[in-house]
Amino acid sequence: MVRPIVVAALALAACAGLASPGAAQTPPKPVVRKPAAPVAKPGAKPAVPAAAKAVTPAPPAPPSDVRVVTSYTQGAQISVNTTYLAVGRQRVEFPGLVTLDQCDLKRSVLLSPTAKRFRVQPDAPPPPETTAPAMPDLSAMAAAMGVAMPPGGMPPNGAFGAPIVGMNGMGQPAKSGVVTITTSLTDTLERQQMFGLEARHIKTVVTKQTTGDVCDKTPLRTEVDAWYVDLPKAASTCGRAAPVPVAPAPTDEGCQDRTETRVVGDVTLGFPVKTITTNTSGEGDKQESSVTRAEVTALEITRLDPALFEVPADYVEAKSALELTPAMASGSPLSDVLFGSTADGSSTATAKMAGMTRIGVMEPVNTSGRSSLRMKALRQELVTKLTKAPLEAVPLSGTLQVNAADAKRFECDYVLVTEITEVKTSKPGKLSRLPGGGPPKDHHEVKMTFRLYPADGTATIVAAGDVKADNGGGFSLSSALRVAAFAGQLYMGFGMGMMGGFGGMGGMGMGMGMMNPMFAMSRGSALGSSFFDPRSKAMSSMATGFGGLSGLPGMGDPAEVEVQKVVSKALDDVVKATGDRIKRPTK
């Protein structure tokens, strides 16, 4: 029994020694138990930690970029362009030129896909409200377009400065009156779906009324029957051009009217997708009318490649606007660059309507020795002058030999061949000074021949004759308006809207503004906030870029400009003789 007692005593002694003061104590190590790993069930997917789960992103914003294809029909010709819209950017593709409006950078860029050239032009700062905007050389631009000059020509260098108060350039009292442009809008309340958008049917009537001794009393009326849609706001900001003050321009004779505008009808327009514009000028047996149709053939709201709105890397900067259009150096008018031409296949012709007579116009032949004449531009001028119901015209390739193949393809009834045989300039005598002491003008005389053939290519001449014109007796206003019809109707309304809408510029500004009033209204009237067409911005850029055109033969030379007027006067006689012969019943 002794052994257990000894063991117990030793154990108590050991415990007492461990607990005594000053003895080293080692704390026991904690026991850590690892959680048992879960046993996965057969076929179960492994669990994903909560922190590693992907956050569901917000849905992307709906697309707001826009692509639009528009077809324009004036007379027998069809022109097509494509417009791209994005936030702060827009691109308009004309048949021979592209405009980029980089509104976020406050500049525009002209691109030439043919020449692979580009030209940058900063946006002009808005002019003060009391000052008329500076304008490009309108005489040069009109000639380059293949458009005749108005009576008295254009203001020099587009200057809209104040005329000599109370007197014209010949020391005689100047005319002055009030021209009132009234725009009446009517919402028909008709609605329909177009390209997935609701379209509104709205009719617009624009009329011109005059008070006092105005420069131009020609009655003008435009009726616009159109459907409009609302595009995404993000894509419809760049094309809105800032309003430009309307500033009537004095003519060379010092005539200057005051223009007033009125808008009747509280209507929201929008982007036009289908438009029929009927223009009427004059009255009685001198009344003339033309019809233009513009229709969007494709419209999609999408996401566009940003590269569309940048200058391609392989393009070289042009030193002048003329480098962008090499065809103009060989005589093509600017209208061919913008609208295309059936002569080179860059535009097409409509199917001929019943009751219309179609004339194929060959490029005039120049045997006068006057190298400054631009024959392709004169061909377009003839086409424009002949586009008057029941006549219509298309340009054909070639010169003297009748282009029977194209004439048949374009459903022509006749082919017109013209030749400028003589352009003679003589110095005035000592007694020919203008009234009021003005300097005498050179005397210019132009002789032309014309021949009208049947379109089947036979040698039978339907009509032929010689015409002669000089710079005596002035130029008719109706001629200027008629020539303005084609270019003004399709696109120059954009430029004319920028240049003051329905104001000034002799008779031509009024005529061209009336040719496409909606674009003029988008630039400087109460409708600017509701009417939207990005092509007006594109044409503003175009007009600025091609304002001078001093590199073209004869441009900037007053004597050559005067010769162009006389040639245009001779073309009037050719058109009259041709039209009279066609309208005269055959025996």
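Residues numbered from 1 in each chain as written. Predicted model: local features only at pLDDT ≥ 70, side-chain atom pairs only at ≥ 80, totals over all residues. Heavy atoms only, no water.

Let's shift gears to the overall build of the chain. A tally of helices and strands in the chain yields eleven helices and 20 strands. Of all 587 residues assigned to the chain, the portion counted as buried reaches 49%. A separation of at least 24 residues holds for 71% of the contacts in the chain among residues at least 6 apart in sequence. Element-wise, carbon and sulfur atoms account for 57% of the exposed surface of the chain, whose accessible area totals about 28,000 Å². (Helix = DSSP H or I, 4+ residues; strand = E, 2+ residues; numbered from the N terminus. Buried < 20%, exposed > 50% of the residue type's maximum accessible area, 1.4 Å probe, protein only. Contact = heavy atoms within 4.5 Å. Areas by Shrake-Rupley, 256 points an atom, 1.4 Å probe, with all protein chains shown as cover.)

All right, on to the environment of L110 then. Within the secondary structure, L110 is located in strand 5 (residues 107-112). Residues L110 and Q121, spaced eleven residues apart in sequence, show a C-alpha to C-alpha distance of 8.3 Å.

This next bit is on the side chain of T180. Inspection of the secondary structure puts T180 in strand 7 (residues 176-194). Judged by its relative accessible area of 12%, T180 is buried.

Turning our eyes to something else, we now look at the pattern of salt bridges. Considering all chains together, one arrives at 18 salt bridges under this definition. Ionic pairing is found between E363 and K376, a salt bridge with its closest N-O pair at 3.6 Å. Placement of E363 in the loop between strand 15 (357-361) and strand 16 (365-366) and of K376 in helix 5 (residues 375-386) is noted, with a sequence separation of 13 residues between them. Put simply, K385 and D572 hold a salt bridge, and the shortest N to O gap is 2.4 Å. Linking K385 in helix 5 with D572 in helix 11 (residues 558-583), this pair joins segments that are 187 residues apart in sequence. In terms of burial, K385 and D572 fall into one category: buried. Linked by salt bridges that have partners in common, R89, D104 and E310 make up one network. (Salt bridge = Lys/Arg side-chain N within 4 Å of Asp/Glu carboxyl O.)

Okay, the side chain of D336 next. Note that D336 resides in helix 4 (residues 334-339). Despite its burial, D336 pairs with no opposite charge, the nearest such side chain being R379 at 4.1 Å. Among residues more than four places away in sequence, those in contact with D336 are S341, R379 and Q380. (Lys, Arg positive; Asp, Glu negative; His and termini not counted.)

Turning our attention to the pairing of strand 8 (residues 197-213). Alignment of strand 8 against strand 9 (residues 220-229), held across eight bridges, turns out to be antiparallel. Paired with V205 across the bridge in strand 9 is E223. (Pairing = 2+ DSSP bridges.)

An ideal rise of 1.5 Å per residue puts 16 Å on twelve residues; helix 5 measures up with 17 Å between its terminal C-alpha atoms. Among the twelve residues in helix 5, eleven count as buried, and that is most of the element. What helix 5 keeps buried is the set M375, A377, L378, R379, Q380, E381, L382, V383, T384, K385 and L386. (Expected span 1.5 Å × (residues − 1).)

The next subject is the nonpolar core. Ranked by size, the top nonpolar core spans 29 residues in total, and within it L386, L416, I420, V446, M448 and V567 carry the most contacts. When residues of this core are traced back to their parent elements, those giving at least two are strand 15, helix 5, strand 17 (391-395), strand 18 (414-426), strand 19 (443-454), strand 20 (463-470) and helix 11. For this core, the element with the most residues is helix 11, which contributes eight residues. With near-sequence residues (within four places) excluded, V567 lies in contact with L373, L378, I420 and V446. (Core = buried A, V, L, I, M, F, W, Y, C linked by side-chain atoms within 4.5 Å.)

One can expect most non-glycine residues to show negative phi and most peptide bonds to be in trans. Phi at K106 is positive, roughly 55°, even though this residue is not glycine. Relative to the elements of secondary structure, K106 occurs in the loop between strand 4 (98-102) and strand 5. Assessed through its relative accessible area of 61%, K106 is described here as exposed. Even without a glycine there, the phi angle at E411 is positive, about 60°. Along the chain, the position of E411 falls in the loop between helix 6 (404-409) and strand 18. Here E411 falls in the partly exposed class, since its relative accessible area comes to 37%.

We now examine the pairing of strand 11 (residues 271-281). Where strand 9 meets strand 11, ten bridges bridge the pair, whose relative direction is antiparallel. Paired with R221 across the two strands is T280, which belongs to strand 11. Across eight bridges, the pairing between strand 11 and strand 12 (residues 288-302) is antiparallel. The partner of S281 across the bridge, within strand 12, is E288. Counting the residues between successive antiparallel strands, the hairpin from strand 11 to strand 12 contains six residues, one of them, G282, with a positive phi of roughly 80°.

Attention shifts here to the packing of helix 5 against helix 11. In the contact formed by helix 5 and helix 11, the axes pass within 10 Å of each other and the chain directions differ by 45°. Comparing the axis directions of helix 5 and helix 11 gives the class oblique. Helix 5 and helix 11 meet at a crossing whose hand is right-handed. Contact residues: helix 5 offers L378, E381, L382, K385 and L386, while helix 11 offers Q564, V567, S568, L571, D572, V574 and V575. (Axes fitted to C-alpha atoms, helices over the stretch in contact; angles between N-to-C directions. Parallel < 35°, antiparallel > 145°, perpendicular 65-115°, else oblique. Left-handed = near helix turned anticlockwise from the far one by under 90°.)

Let's shift gears to the confidence of the model for the chain. The predicted model of the chain has a mean per-residue pLDDT of 73, with 64% of residues at 70 or higher. Across the chain, strand 13 (residues 316-317) holds the top mean pLDDT of 96, while helix 8 (residues 508-515) sits lowest at 30. Confidence drops under pLDDT 50 across residues 5-24; counting only partners more than four residues distant or on other chains, this segment forms three contacts. (pLDDT = per-residue confidence, 0-100.)

Turning to the environment of M362, a few remarks are in order. One can find M362 in the loop between strand 15 and strand 16. When the C-alpha positions of M362 and V415 are compared, they lie 7.2 Å apart, and in sequence the two are 53 residues distant. In this view, M362 contacts R379, L396, S397, G398, T399, Q401, V402, N403, V415, L416 and V417; residues no more than four positions away in its chain are not counted.

On to the environment of V311, then. Considering the arrangement of structural elements, one finds V311 in the loop between strand 12 and strand 13. Remark: the alpha-carbon pair of V311 and L100, spanning 211 residues in sequence, is separated by 8.5 Å. Those residues in contact with V311 that lie beyond four places of it in its chain are L100, V109, L111 and F118.

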